[in-house]
Amino acid sequence: MYGSFRLILQVLWAQLLCGWVLSSELTFELPDNAKQCFYEDIILGTKCTLEFQVVTGGHYDVDCRLEDPDGTTLYKEMKKQYDSFTFTAAKNGTYKFCFSNEFSTFTHKTVYFDFQVGDDPPLFPNENRVTALTQMESACVSIHEALKMVIDYQTHFRLREAQGRSRAEDLNTRVAFWSIGEAIILLVVSISQVVLLRSFFSDKKTTTTRVGS
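Reference entry: report on the structure contained in this document.

What counts as what
Residues numbered from 1 in each chain as written. Predicted model: local features only at pLDDT ≥ 70, side-chain atom pairs only at ≥ 80, totals over all residues. Heavy atoms only, no water. Patch = residues over 30% accessible without salt bridge, like charges linked within 9 Å, V, L, I, M, F, W, Y side chains within 5 Å. Areas by Shrake-Rupley, 256 points an atom, 1.4 Å probe, with all protein chains shown as cover. Salt bridge = Lys/Arg side-chain N within 4 Å of Asp/Glu carboxyl O. Helix = DSSP H or I, 4+ residues; strand = E, 2+ residues; numbered from the N terminus. Polar contact = N/O pair within 3.5 Å; in protein donor to acceptor, adjacent residues only side chain to side chain. Buried < 20%, exposed > 50% of the residue type's maximum accessible area, 1.4 Å probe, protein only. Contact = heavy atoms within 4.5 Å. Pairing = 2+ DSSP bridges. Axes fitted to C-alpha atoms, helices over the stretch in contact; angles between N-to-C directions.

Our focus in this paragraph is a nonpolar patch on the surface. A surface patch of nonpolar side chains, amounting to about 420 Å² of accessible area, comprises Phe177, Ile180, Ile184 and Val188. Within the fold, valine 188 resides in helix α2 (residues 135-201).

Written out as structure tokens, the structure reads:
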């Protein structure tokens, strides 16, 4: 019993690794006035999903464009913070998707994307699908689906945490500069007031002129 359970867990782990290979997940820096493109070979009839999110930088927006092998635009959005697009490949070839920050003059962005190609392979490819799953197999399938959901939730929470940390650091920097500016203004005003008050109470020199006879 223990050996069978261990074997099924190994199969589950292997299938999870195969599922990860089918997707391209990346976080990269996109400089200002720059454009970054990625390419993926896709077979006809394959279902694909492109999901992206701007993690840090500026107004957290970026241009995104997806093209088929013939250069036909399948998806195009301008200044989006995050989005998801699902499509089915209509032809074989290399598909291109690009992220552009060309509208920004001085702010670079950090962009995350996940490009999933196809569905996960079956958990038990050698099993006869006509027969019902055993209790152990059903448990493995449930664990497999639950782990995929956990991975998705962890990814989104990491992105939200990184975005929140970036906002907090940016706000902290602005507050620090504002505090320094207020301190400088307060110092200048204090010195000016002291100088002005001293000028009010300073002794004025008087000159006397004698008129000779």
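Let's shift gears to the environment of tryptophan 178. The residue tryptophan 178 is located in helix α2 in this model. A distance of 2.9 Å separates polar atoms of two side chains, one belonging to tryptophan 178 and the other to glutamate 182.

Bringing the side chain of asparagine 101 into the picture now. Note on placement: asparagine 101 falls in the loop between β7 (93-100) and β8 (109-117). Judged by relative accessible area, asparagine 101 falls into the buried class, the value being 0%. At 3.2 Å, the side chain of asparagine 101 forms a polar contact with the backbone oxygen of proline 31. In contact with asparagine 101, not counting residues within four places along its chain, are Leu30, Pro31, Asp32, Asn33, Ala34, Thr107, His108 and Lys109.

As a further point, take the sheet that holds strand β4 (residues 62-67). Adjacent strands of a sheet pair through backbone hydrogen bonds, lying either parallel or antiparallel. Read from one edge of the open sheet, 4 strands run β2-β7-β4-β5, paired in antiparallel fashion. Sheet topology places β2 (35-42) and β5 (73-80) at the edges, where each strand pairs with a single neighbour. Taken over all neighbouring pairs, the strand axes of this sheet differ in orientation by 10° on average, direction set aside.

It is worth spelling out the pattern of salt bridges at this point. Here the structure, examined in full by the defined rule, presents 6 salt bridges. Taking the shortest distance from any N to any O, the salt bridge between lysine 109 and aspartate 61 comes out at 3.2 Å. Of the two residues, lysine 109 is situated in strand β8 and aspartate 61 in the loop between β3 (47-56) and β4; the sequence distance between them amounts to 48 residues. Here lysine 96 makes a salt bridge to glutamate 67, at a shortest N to O gap of 3.7 Å. Of this pair, lysine 96 sits in strand β7 while glutamate 67 sits in strand β4, and the two are 29 residues apart along the sequence. In this structure lysine 96 comes out as partly exposed when scored by relative accessible area, which is 24%. On the accessibility criterion, glutamate 67 (14% relative accessible area) is buried. Here the salt bridges share partners, and the residues they tie into one network are Arg65, Glu67 and Lys96.

This part is about unusual backbone geometry. One non-glycine residue, asparagine 33, lies in the positive phi region at around 55°. Assignment of secondary structure puts asparagine 33 in the loop between β1 (23-30) and β2. Residue lysine 79 is not a glycine yet carries a positive backbone phi of 50°. Mapped onto the elements of the fold, lysine 79 is located in strand β5.

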